[in-house]
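Architecture and fold: a report
Below are the chains, spelled out letter by letter.
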Amino acid sequence: MQFTAKTYSPGQLIHPFNFFVLSKGLNSGKLISEPCPNCYQIICLTSEDKETLELLSFCLWQSKVFYKDLVGSVIPFLRIGDLRKALHEAIEHSKNKPEIHQLSGNIQKLNELEEQYRP
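Residues numbered from 1 in each chain as written. Predicted model: local features only at pLDDT ≥ 70, side-chain atom pairs only at ≥ 80, totals over all residues. Heavy atoms only, no water.

Our focus in this paragraph is the environment of K6. The topology assignment puts K6 in strand β1 (residues 3-7). Using a relative accessible area of 35% as the deciding quantity, one classes K6 as partly exposed. Placed 65 residues apart in sequence, K6 and V71 show a C-alpha to C-alpha distance of 18 Å. Among residues more than four places away in sequence, those in contact with K6 are Q12, Y40, Q41, I43 and I80. (Helix = DSSP H or I, 4+ residues; strand = E, 2+ residues; numbered from the N terminus. Buried < 20%, exposed > 50% of the residue type's maximum accessible area, 1.4 Å probe, protein only. Contact = heavy atoms within 4.5 Å.)

Inspection of the secondary structure puts N27 in the loop between β2 (18-22) and β3 (31-32). Spatially, the C-alpha atoms of N27 and Y67 are 8.9 Å apart, while their sequence positions differ by 40 residues. Ignoring sequence-local partners within four residues, the contact set of N27 consists of L22 and W61.

This next bit is on the packing of aromatic side chains. For the structure shown, the criterion picks out 2 aromatic pairs. On the basis of an interplanar angle of 80° and a centroid distance of 5.6 Å, the ring pair of Y8 and F20 is categorised as edge-to-face. Here Y8 is found in the loop between β1 and β2, whereas its partner F20 is found in strand β2, with 12 residues between them in sequence. You'll find Y8 and F20 in the same group, each marked buried. When the centroid spacing of 6.1 Å and the interplanar angle of 50° are considered together, the rings of F58 and W61 count as tilted. One end of the pair, F58, and the other, W61, are both in helix α1 (residues 47-62), 3 residues apart, so they sit about a helical turn from each other. (Phe/Tyr/Trp six-rings, centres within 6.5 Å; stacked < 30°, edge-to-face > 60°.)

Fair warning: the whole summary comes from geometry, so function is off the table for now.
Written as structure tokens, this is what we have:
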């Protein structure tokens, strides 16, 4: 599974198999649906890779893996290299674990419930 992580800037070309991750603040590493100036763009080669990486990214963020990598005294910031490293480690760790793909449906349901209760 290959991916590219880039800093997003407005007006940049948006690839078909990509998703966005916040880069600043205490929610660094959180997936977002629309790009913003403070995010990274993760570009995948296929839709399957995108789905898997989104799942891994969400799990990493939920388990607060990115907290140890936050730098900055006023506004915490997640470096792109630390994001890449965490994703590569998660990919290696999940290679021989097919049950991770079964979590996708459950996480999607949780996201839908979260959206329902958000004001």
